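The chain contents come next:
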Amino acid sequence: MALLDIEGLSVAFGRPDSPIRAVDGVDLAIEPGETVGLVGESGSGKSVTALAVMGLVDPPGRVVARRIAFAGRDLAALTPAARRAIVGKDIAMIFQDPLAALDPCYTVAFQIGEALRRHGTPDERRSARRRRARALELLAQVEIPDARARLDAWPHQLSGGMAQRVMIAIAIACKPRLLIADEPTTALDVTVQAQVLELLARLTREHGMALLLISHDLAVVAQSVSRVAVLYAGQVMEEGRVPAIFASPRHPYTRALIDALPEHNVGRARLAALPGVVPSASARPPGCLLAPRCPRVRERCRIELPRPAHGEGSVLRCFYPLVPRGAVAADMGT
Amino acid sequence: MADATVASDGTGAEPLDAVPSRARAFIASYAQNRGAVAGLVLVVLLILCAAFADVIAPHPPNLQYRDVTLAPPAWADGGSWRFPLGTDPVGRDMLSRLIHGTRLSLAIGLVSVAISLSLGVLLGLLAGFFRGLLDTVIMRAMDVMLALPSLLLAIAVVAILGPGLVNAMYAIAIVLLPHYVRLTRAAVIAESGRDYVTASRIAGAGNARLMFDTILPNCAAPLIVQATLGFSNAILDAAALGFLGLGAQPPTPEWGSMLASALEFIQRAPWVVTYPGLAILVTVLAFNLMGDGLRDALDPKLRR
Amino acid sequence: MTLLVEAQDLARHYTVRRGLWRSPGTVRALDGVSLAIAGGTTLAVVGESGSGKSTLARAVTMIEAPTAGTLRIDGVDVGQADRAALARLRTRVQMVFQNPYASLNPRKSIAALLGEPLAIQRATLSARARRTAAREALARVGLGSAALDRYPHMFSGGQRQRIAIARALMLAPALVVADEPVAALDVSIQAQVLNLLMDLKDSSGIAYLFITHNLEVVRHIADEVAVMYFGRIVERAAKRTLFEAPRHPYTQVLLAATPTLAPRRTPTPPRGEPPSPLAPPAGCAFHGRCPLAVDRCRVEVPALRQVGETWVACHLAG
C-alpha cells in the first residue's frame, strides 16, 4: 500500500468564477521508503501540492481531491485535530529559506523541543531534560559541529547551512515516515548544498523514511531520488524513473528543460531555450498547456487536453511523445 | 548609441497581461473596507461643509441674538427650528457656529500637517540618507521633543509666540514634527540599501536626485497614512489649545474654544458643550477611519 | 592594448563593532584581489557566500572605494580621478543585479527608468530623444514598446531582468558587471537571458564581469574564470584550462560538489564549514577544509603565482 496516495488533487485561488488553478488534477503515489522528486519551474504548482498535503493551504485557496491518503487514511476527511496529529509527526516538511523558517525569538533547543513537546514520546513530552538530551542527539545526527554549544544558539547566529540542518533536526525529531523537502538547498551555496543533500540521503536510508524532494534544479533532483514527476502549470507532464527519464525523456517539456541546461550546450554559442513563458492564469490554452511553446505541436494539441497515460512505472501526458531510440513509435491517442 | 540589433531568440515582444492600473487596484482595495469608506464619505461631507459654509449655515456665526440666549435645540421644550441646535450663552446660533468651525478645523489640520510634513520629510531624508553626525544631531533633537508631553510643548510654543489661531498651528506643527522625521528616516534607511537605489547610483545620480527622485517616492505610503492620522491629532490639539484659551480667540467659532466658553453651562444647557464635542469626535473619527483604510490599501500593495 | 579594467591588490575592510566591551573586529571582505579584463571578453568570478564577490562588484562599479589597492578603468586610476573623470567612467561601467524584483524602482515607469541614466549623464538630450533611446534598448532585449508606460510590478522575473539589462545598455558601457543575473530565474528563462547576454556581447563588443556560483553557467559563457575564497582569488585561468585541469583544491572541491545531470555523478561534499569572517584562520584560509593541507598551509598565506597557464594561490600546486 502506498504511503502517500494523491489522486486528482486540484488547488485553486482567486474568485470562484475566475479561478487561478495552481494545481490541476495531480496524481502522485509514494511508497514507504521511496525517494520521489517533484520538478517544475515557477507556477508549476510543486510547492502548493506539498502545502495541500500538509493542510497548509489557507482560504481563499480551495483544495479539492479525490483522495489524499496517508497510510490508508484520507487526510482530507479527518478533523483538523486528527490531521494535526499526523502532519508534523508522521509527515514532516522543511522549507527553502531556513533562516526565515526558524523563529528568531527562540533558541535552537527550544524549537526542537517544541516539536518533541507536541509529538514526542510521553517521556519527552513531560521532561525538559529528556527533550534537551534528545535535541543534542538530533543535532549530532544532522552533523552540526560543536552541537552542545549550538543548542543554545539563536537562529541569527547560524549560517544558512547550519540553519537548514537545524530545520532537518526539527523535522526528523519525531521520526516521520515521510519528509517533504521544498527547495531545501536553493538558498544554499553549492558546497553546503552537497553536504545537505548527502545528509538527506543518509537519513532516508538509515530511518527508512520516504522523501518527497521538490526543486526546480534538475541536477539536484537527478542525484537524490529514484522517481520524478515533472510539473508544468499545475499538471503532471511526465513521471518516470531516474535516470531513465533524464537520459531519454518522452515529453517535449522534459526534453526542453534538459536542453536548456548549460551543461547540455557545451561548445554551442547559444543555449537551446524554450521560447515563450508559462501561461498566465487568465490565458490558459484550451488544449495541452504546453501547446503555445512546444516545438512538436500539432493541431490536436491545441484543441484537446491530453490525459495522463500510464505506462510501466511511468506517466505521460502527450499525444505525440518523443520516441526513445529503437522503440516503436506509438501514437498515444488516448 | 550602439547599433540596434534585435536579440531574436524567439521571444520577441512578449504579450503583456492586461493588468488593472494601480489606481484601480487601490480603489478596489480601499473600497473593501466599510469603515474606511464611511470615513471618506464623512470627510467629503466635512469638506463640503467647510467650502459652502456661507451658504449652508442658517445664520452668520457671530451674530448675537440677545433675546434668545441659551435656547435649547429644536426638539426640546422651548426650542424652535429657527435655531436647530440651540444658541450659546450670548445668543449665537450653534449650528452655524459649528458649520463655520468646520472650516477652521480643516484649515488647522491642513496647515499644521503641511508644515510638519514638509519639514519632517526633509529632516528625515537628510538623517536617513547621510547618517553619521547629521543623523545623530537630528534624531537627538527629535528625541528631546518627543520626551515632552505634546500638549505641554504646544502650550510652551504658544506662550512664546502669543495666543491665536495661527500660532496654534505653528505649535501643533512643531509637536507633530518628530513623528514624521522618524517615519521618513526609517523608510529611507530601509530603501537606501535596495538594488534600485544602487542602480541609480551607478548611473551617476547625485545625492539630491537619489533622495528626492529615487527614494522619497518609495517612502510615500506610510507618510500618507501618518499625514491623514496627523489631521485628527492636529484637530484635537487645536481643540485643546482653544479650550485653554491659547488657540483661537473669541469670537472665532473654533470648536475647542466653544467648549471653553461653555463649560460653566454644562448643567443648565448641556447642548452648548455636547455639540462642539460631538463635532470634534466625528471629525477625528472620520480622519482616523480614512487613515486606517489608506494604510490597509496602500501598505501591502507597496510591499511588493 | 590598454586593458579595460585593471585591479591591483584591491582590499576592502570593514570594522564591525562587537559590543561595548570588545574591541571592534575587522572583516576583510576583499583581501588583495588583482585581476584584469580585456575589452570584449567575459571574466567569470566564481565564489560562494563570504568570498567577497559582491564586494568586488561594488568596487569595480565604483560604488565603494577600496580601502587599499588601485583600480584602473580605461587606464584611468579611479582613486585619483576628479569629478569629471569619474562621471565619464560611470558611463563605461554598468551593472545588472541578481534580484529582478528589487533592482527596478517600483515607482517609475519603464520609460522613466530607462531614461534616467541619459537624463543624468547626457543632460542635453530631449525627453523625446530619451524615449526613443529607451524604445530601441527595449527592442534589443526583445521587449516591445508597449512596455514603456508600464510599471515594474506588471512584469515577470525574466522580463524584469531584460529591462534591467536594457537599462545597463543605455549609456553604451564597455563593461557590464552582472551579479548573479540569472540565479533567481527559472531554467528556461535563464537560458533565454543568457542567450541575450551573449548576443549583446557579439553585437556590441561588451565585456562582462560575470559573478556567479554556478559553474555550469560559467562553463558556457566565460572566457576566463577567477575563483574566489574568503576575499582572495585562489585560482585564475582560461575557462578550458580551469575545467580540464583545476589546480587549487577549492576549485576541485567546487567542481566535485556541483551536481550534473549527465554524467550522473553523486557530488562529493567537502568537509567542514567556511570560517567566520570575524575569525580568519592563519595561513591559507582554506586549510581547515583542504584534503591536502600540510603544516606550511597553516602558517603562510600562499601568494597567487603562475603555474603553467594558471594563476593559483596554493603552496602545493605545480
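1. Points about the overall build of chain C
At step 1: Within chain C, the secondary structure is distributed over 10 helices and 12 strands.
At step 2: Over its C-alpha trace chain C gives a radius of gyration of 21 Å, about what one expects of a compact globule, namely 20 Å for 318 residues.
At step 3: By its C-alpha atoms, chain C is 65 × 50 × 45 Å across when sized along the principal axes.
At step 4: Restricting to contacts in chain C with at least 6 residues of sequence separation, those with at least 24 account for 63%.

2. Some details on the overall build of chain B
At step 1: Within chain B, the secondary structure is distributed over 12 helices and 0 strands.
At step 2: Listing each helix as α and each strand as β along chain B from the N terminus yields α-α-α-α-α-α-α-α-α-α-α-α.
At step 3: Against the compact-globule benchmark of 19 Å for 304 residues, chain B has a radius of gyration of 25 Å, which places it well outside the compact range.
At step 4: When the backbone C-alpha atoms are referred to their principal axes, chain B occupies close to 90 × 50 × 30 Å.
At step 5: Residues counted as buried form 42% of the 304 residues belonging to chain B.
At step 6: Sequence separation of 24 or more characterises 69% of the internal contacts of chain B that already satisfy a separation of 6 or more.

3. Looking at the pairing of strand S3 (residues 35-39) of chain A
Residue and element names in this part refer to chain A.
At step 1: Across the 5 residues of S3, 5 count as buried, placing the element largely inside the fold.
At step 2: Of the two faces of S3, the one holding Thr 35, Gly 37 and Val 39 and the one holding Val 36 and Leu 38 are both buried throughout.
At step 3: Taken together, the 5 bridges between S3 and strand S9 (residues 210-215) define a ladder with parallel strand orientation. Looking across to S9, one finds that Val 39 is bridged to Ser 215.
At step 4: Inspection of the sheet shows S3 paired to strand S10 (residues 227-232) by 4 bridges, in the parallel sense. Looking across to S10, one finds that Val 36 is bridged to Arg 227.

4. Focus: the sheet that holds strand S11 (residues 235-241) of chain A
All names here are of chain A.
At step 1: Across the sheet, 8 strands lie side by side as S7-S8-S9-S3-S10-S11-S13-S12; this open sheet has mixed pairing. Sheet topology places strand S7 (91-94) and strand S12 (309-310) at the edges, where each strand pairs with a single neighbour.
At step 2: Pairing between S7 and strand S8 (residues 178-182): 4 bridges, direction parallel. Counterpart to Ile 94 in the pairing with S8 is Ala 181.

5. Here's the deal with helix H8 (residues 195-202) of chain B
The periodicity of an α-helix, 3.6 residues per turn, causes residues three or four positions apart to be oriented the same way.
At step 1: A large share of H8 of chain B lies buried, amounting to 8 of its 8 residues.
At step 2: Asp 195, Tyr 196, Val 197, Thr 198, Ala 199, Ser 200, Arg 201 and Ile 202 of chain B are the residues of H8 of chain B that are buried.
At step 3: The inward-facing, buried residues of H8 of chain B contact helix H7 (165-192) and helix H9 (207-215) of chain B together with helix H2 (83-90), strand S6 (93-96), helix H3 (110-121) and helix H5 (157-169) of chain C.
At step 4: Phi for Gly 204 of chain B, located one or two positions after H8 of chain B, is positive at around 105°.

6. Re the confidence of the model for chain C
At step 1: Mean pLDDT over chain C works out to 89, with 98% of the residues at or above the 70 mark.
At step 2: This complex was scored by the predictor with a pTM of 0.85 and an ipTM of 0.88.

7. Considering the sheet that holds strand S4 (residues 68-73) of chain C
Residues and elements named next belong to chain C.
At step 1: As summarised here, the arrangement of the 4 strands in space is S2-S1-S4-S5, forming an open sheet in which the pairing is antiparallel. A single partner strand is all that each edge strand has here, and the edge strands are strand S2 (25-37) and strand S5 (76-77).
At step 2: Alignment of S4 against S5, held across 2 bridges, turns out to be antiparallel. For Ile 73, the partnering residue across the bridge sits in S5 and is Val 76.
At step 3: Of the strands in this sheet, strand S1 (5-16), S2 and S4 touch helix H1 (residues 53-60), which is tilted by about 65° from S2.

8. Observations concerning the interface of chain A and chain C
At step 1: Chain A puts 34 residues into the contact, and the matching count from chain C is 31 residues.
At step 2: For the side of chain A that touches chain C, the secondary-structure elements that each account for two or more residues are helix H9 (190-207), helix H10 (218-224) and helix H12 (252-259) of chain A.
At step 3: Of the residues belonging to the side of chain A that touches chain C, the class tally is 21 nonpolar, 8 polar and 5 charged.

9. Overview of the confidence of the model for chain B
At step 1: Chain-level pLDDT for chain B is 84 on average; 91% of the residues reach the 70-or-more range.
At step 2: pLDDT under 50 marks residues 1-15 of chain B. Its contacts with residues more than four places away, or in other chains, come to 36 contacts.

10. Side note on the packing of helix H6 (residues 150-161) of chain B against helix H10 (residues 220-243) of chain B
The description of two packed helices rests on the angle between their axes and on the distance between the axes.
All names here are of chain B.
At step 1: In the contact formed by H6 and H10, the axes pass within 11 Å of each other and the chain directions differ by 60°. Considering their axes alone, H6 and H10 lie oblique with respect to each other. The handedness of the crossing between H6 and H10 is right-handed. Two secondary-structure elements touch here, H6 through Ser 150, Leu 151, Ala 154 and Val 158 and H10 through Asp 237, Ala 240 and Leu 241.

11. Comments concerning the nonpolar core
At step 1: Counting residues in hydrophobic clusters, the biggest one holds 279 residues, and the most contacted among them are Ala 169, Leu 178, Leu 212 and Leu 218 of chain A, Ile 172 of chain B together with Leu 175 and Leu 209 of chain C.
At step 2: Residue contributions to this core peak at 14 residues, all from helix H4 (residues 94-130) of chain B.
At step 3: Of the residues that make up this core, three or more belong to each of domain 1 (1-102 + 178-265 + 273-278) and domain 2 (104-157) of chain A.
At step 4: Once residues lying within four places of it in the same chain are set aside, the contact partners of Leu 212 of chain A are Ile 30, Val 36, Leu 38, Ala 50, Leu 178 and Ile 180 of chain A.

12. Examining helix H4 (residues 127-140) of chain C
All names here are of chain C.
At step 1: With 14 residues, H4 extends 20 Å from end C-alpha to end C-alpha; this agrees with the ideal 20 Å at 1.5 Å per step.
At step 2: Every buried residue of H4 is accounted for by Arg 130, Ala 133, Ala 134, Ala 137, Leu 138 and Arg 140. End-on view of H4: buried residues confined to an arc of 155°, all on one side of the axis.
At step 3: Buried residues belonging to H4 abut H3 and H5.

13. Considering the environment of Gln 226 of chain B
At step 1: Mapped onto the elements of the fold, Gln 226 of chain B is located in helix H10.
At step 2: For Gln 226 of chain B, the contacting residues outside a window of four places in its chain are His 179, Tyr 180 and Leu 183 of chain B.

14. Some points on the packing of H5 of chain C against helix H6 (residues 187-204) of chain C
Residue and element names in this part refer to chain C.
At step 1: Put simply, H5 and H6 touch, their axes get as near as 10 Å, and they point 15° apart. As judged from the angle between their axes, H5 and H6 are roughly parallel. In the crossing of H5 with H6, the sense of the turn from one axis to the other is right-handed. Here Gly 157, Gly 158, Gln 161, Arg 162 and Ile 165 of H5 come into contact with H6, specifically with Ile 189, Gln 192, Val 193 and Leu 196.
At step 2: Here the contact of H5 with H6 is composed, by residue class, of 4 nonpolar, 4 polar and 1 charged.

15. Re the environment of Ile 99 of chain B
Residues and elements named next belong to chain B.
At step 1: Tracing the chain through its elements places Ile 99 in helix H4.
At step 2: Measuring from C-alpha to C-alpha, the distance between Ile 99 and Ala 50 comes to 6.8 Å, with 49 residues separating the pair along the chain.
At step 3: Leaving out residues up to four positions away in the same chain, Ile 99 has contacts with Cys 49, Ala 53, Ile 56 and Ala 57.

16. What to know about the pairing of strand S1 (residues 4-13) of chain A
All names here are of chain A.
At step 1: For S1 and strand S5 (residues 67-70), the ladder comprises 4 bridges, and the chain directions are antiparallel. By the bridge assignment, Ile 6 is partnered in S5 with Ile 68.
At step 2: The sheet contact formed by S1 and strand S2 (residues 20-30) spans 8 bridges and is antiparallel. Paired with Val 11 across the strands is Val 23, a residue of S2.
At step 3: Connecting S1 to the antiparallel partner S2 that follows it, the hairpin turn spans 6 residues, and Gly 14 within it adopts a positive phi of roughly 80°.
At step 4: Of the pairings in the sheet, the one linking S1 to strand S4 (residues 62-64) comprises 3 bridges and is antiparallel in character. Note that in S4 the partner of Ser 10 across the bridge is Val 64.

Conventions used here
All residue numbers refer to position in the chain's written sequence, counted from 1. Written order decides the labels, with chains lettered from A and ligands numbered from 1. Given that this is a predicted model, residues contribute local features only at a pLDDT of at least 70 and side-chain atom pairs are listed and counted only at 80 or more, while totals for whole chains, interfaces and linings are drawn from all residues. The helix and strand labels rest on DSSP assignments: H or I over at least four residues marks a helix, E over at least two residues marks a strand, and numbering proceeds from the N terminus. C-alpha atoms define the radius of gyration in this analysis, and the globule rule sets the expected value at 2.2 Å times the number of residues to the power 0.38. We call two residues in contact if the C-beta atoms placed from their backbones are at most 7 Å apart. Comment: burial labels come from other C-beta atoms within 10 Å of the residue's own C-beta, placed from the backbone, where a count of 20 or more is buried, 12 or fewer is exposed, and between is partly exposed. Strand pairing requires that DSSP identify at least two bridges connecting the strands. Per-residue confidence from the predictor is reported as pLDDT, a score between 0 and 100. Geometry is summarised by axes, namely lines fitted to C-alpha atoms with helices restricted to the contacting stretch, and by angles between N-to-C directions that run from 0 to 180 degrees. Polarity classes work like this: nonpolar for Ala, Val, Leu, Ile, Met, Phe, Trp, Tyr, Cys and Pro, charged for Asp, Glu, Lys and Arg, and polar for all others, with Gly in that last group. These descriptions rest on fixed angle ranges, namely under 35 degrees for roughly parallel, over 145 for roughly antiparallel, 65 to 115 for roughly perpendicular, and the rest for oblique. The hand of a helix crossing depends on one turn: near helix anticlockwise from the far one by less than a right angle means left-handed, and clockwise means right-handed. The term nonpolar core refers to a set of buried Ala, Val, Leu, Ile, Met, Phe, Trp, Tyr and Cys residues connected through C-beta atoms within 7 Å. Where a domain begins and ends is set by an automatic assignment or by a domain database. Helix span, expected: 1.5 Å multiplied by one less than the number of residues in the helix. To be clear, the arc concerns the directions from the helix axis to the C-beta atoms.

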